[in-house]
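Architecture at a glance
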Amino acid sequence: MTAALWVRGLSAGYAGSTVLRGLDLDVPAGTVLALLGRNGAGKTTLLHALFGLLRPTAGTVHVHGADATGLATHRLARSGMALVPQGRRVFAPLTVAEHLTLAGRRRRDGRPGPDRADVLALFPRLGDRLAQRADRLSGGEQQMLALARALLLRPRLLLLDEPFEGLAAAVTARVAALLPELARASATVLLVEQRVELATAVADRVTFLADGKLTPPTGEAPP
Ligand SMILES: Nc1ncnc2c1ncn2[C@@H]1O[C@H](COP(=O)(O)OP(=O)(O)OP(=O)(O)O)[C@@H](O)[C@H]1O
Ligand SMILES: [Mg+2]
């Protein structure tokens with residue numbers, strides 16, 4: 001099976017503190033991998049290093065078989081990677097409808113995946129807020145918009161950093177049910193999630209980040 005992500009010996013951190021210490025990671029295409037770990041373990045640091053937001057100090061990253069080590073975020077995005085970042089989103093002062101339109105325009109043609117009607121069915125609340133400025137939405141609504149936007153880009157590899165934070169239980173359940181389906185159909189998913197039960201329910205495999213490495217190791221798929 002092709003690896004959507006194949007990472008060896010990845011190290012990264014911040015001035016004076018190394019967070020990832022020679023981490024190995026394999027995510028087979030078409031699967032969902034959930035990443036657990038205590039607060040401050042380095043989950044966000046890992047996603048940032050994968051998406052070119054933080055420069056690794058060592059290691060190799062292959063994305064769908066191609067060497068992507070050290071590539072800039074816009075290159076990774078063009079190759080089909082998308083990130084839903086953790087915490088408060090930063091939105092341009094555009095309406096919800098405008099954000100959805102922009103995401104729809106940026107998507108890669110010919111890729112399968114949800115369209116505007118699908119994401120509005122998933123998040124009916126956004127349908128009620130189409131004319132609202134995105135930076136004036138509630139935290140939960142912003143979370144839905146961040147997810148909707150990422151889905152509309154039709155990524156091949158979707159990185160989700162605690163995407164259920166601030167979502168109501170019913171919405172969480174709908175998104176959780178969608179992820180395995182999405183992975184099979186079009187987008188491999190790397191999900192950071194703190195709740196073990198939710199991670200286990202959604203993911204094909206679950207791994208734990210501690211001391212800058214993953215336990216258990218995620219496998220030995222070839223690049
Ligand atoms: N911009 C930064 N500059 C310096 N240190 C940072 C920075 N961001 C994170 N850290 C530190 O790096 C370590 C890993 O943080 P990170 O945010 O990756 O953890 P996390 O697993 O995502 O935590 P959480 O579950 O709280 O989101 C922590 O010790 C944190 O304090
Ligand atoms: Mg984090």
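Our subject is the structure that appears above.
Anyway, here's the lowdown on the structure attached to this text. Here the structure is a predicted model, which means the values were calculated and not measured. (Residues numbered from 1 in each chain as written. Chains lettered and ligands numbered in written order. Predicted model: local features only at pLDDT ≥ 70, side-chain atom pairs only at ≥ 80, totals over all residues. Heavy atoms only, no water.)

This paragraph deals with the pairing of strand β9 (residues 205-210). Inspection of the sheet shows strand β3 (residues 32-36) paired to β9 by four bridges, in the parallel sense. Bridged to Ala34 within β9 is Val206. Of the pairings in the sheet, the one linking β9 to strand β10 (residues 213-215) comprises three bridges and is antiparallel in character. Bridging across to β10, Ala210 finds its partner in Lys213. Counted between consecutive antiparallel strands, the loop separating β9 from β10 contains two residues, among which Asp211 sits at a positive phi close to 55 degrees. (Pairing = 2+ DSSP bridges. Helix = DSSP H or I, 4+ residues; strand = E, 2+ residues; numbered from the N terminus.)

We now examine the nonpolar core. The tendency in soluble globular proteins is for nonpolar side chains to be buried side by side. Phe123, Leu126, Leu145, Leu158, Leu160, Phe164 and Leu191 are the most contacted members of the largest nonpolar core, which totals 43 residues. Broken down by element, this core gets its largest block of residues, eight residues, from helix α6 (residues 139-152). In contact with Leu158, not counting residues within four places along its chain, are Ala82, Ala150, Leu151, Leu182, Thr188, Val189 and Leu190. Membership of the second largest hydrophobic core comes to 31 residues, among which are Leu10, Val19, Val63 and Leu76. (Core = buried A, V, L, I, M, F, W, Y, C linked by side-chain atoms within 4.5 Å. Buried < 20%, exposed > 50% of the residue type's maximum accessible area, 1.4 Å probe, protein only. Contact = heavy atoms within 4.5 Å.)

So, on to the coordination of the magnesium ion (ligand 2). Bound to the magnesium ion (ligand 2) are the protein donor atoms Thr44 (OG1) and Gln86 (OE1), situated 2.0 to 2.1 Å from the metal. Of the two residues, Thr44 is situated in helix α1 (residues 43-50) and Gln86 in the loop between β6 (81-84) and α3 (96-106); the sequence distance between them amounts to 42 residues. When its relative accessible area of 32% is taken as the criterion, Gln86 is described as partly exposed. (Donors = N, O, S within 2.8 Å, 3.2 Å for Na, K, Ca; no water.)

Attention shifts here to the pattern of salt bridges. All told, the structure shown has six salt bridges when counted by the stated rule. In this structure, the salt-bridge partner of Glu141 is Arg125, at a minimum N-O distance of 2.8 Å. Taken together, the positions of Glu141 in helix α6 and Arg125 in helix α5 (residues 124-127) put the pair 16 residues apart, joining distant regions of the chain. Look at Arg125 and you get partly exposed, because its relative accessible area is 38%. (Salt bridge = Lys/Arg side-chain N within 4 Å of Asp/Glu carboxyl O.)

Our focus in this paragraph is the site of ligand 1. Around ligand 1 there are 13 residues in total, and Gly40, Lys43, Thr44, Thr45 and Gln194 lie nearest to it. Asn39 has a polar side-chain atom sitting 3.0 Å from an oxygen atom of ligand 1. Here an oxygen atom of ligand 1 sits 2.8 Å away from a polar atom, N or O, in the side chain of Thr44. Protein coverage of the free-state accessible area of ligand 1, which is 640 Å², stands at 57%. Among the elements that take part in the shell around ligand 1, α1 stands out by supplying three residues, more than any other. Per-class residue counts for the shell around ligand 1 are three nonpolar, seven polar and three charged. (Near = heavy atom within 4 Å. Polar contact = N/O pair within 3.5 Å; in protein donor to acceptor, adjacent residues only side chain to side chain. Areas by Shrake-Rupley, 256 points an atom, 1.4 Å probe, with all protein chains shown as cover. Nonpolar A, V, L, I, M, F, W, Y, C, P; charged D, E, K, R; others polar.)

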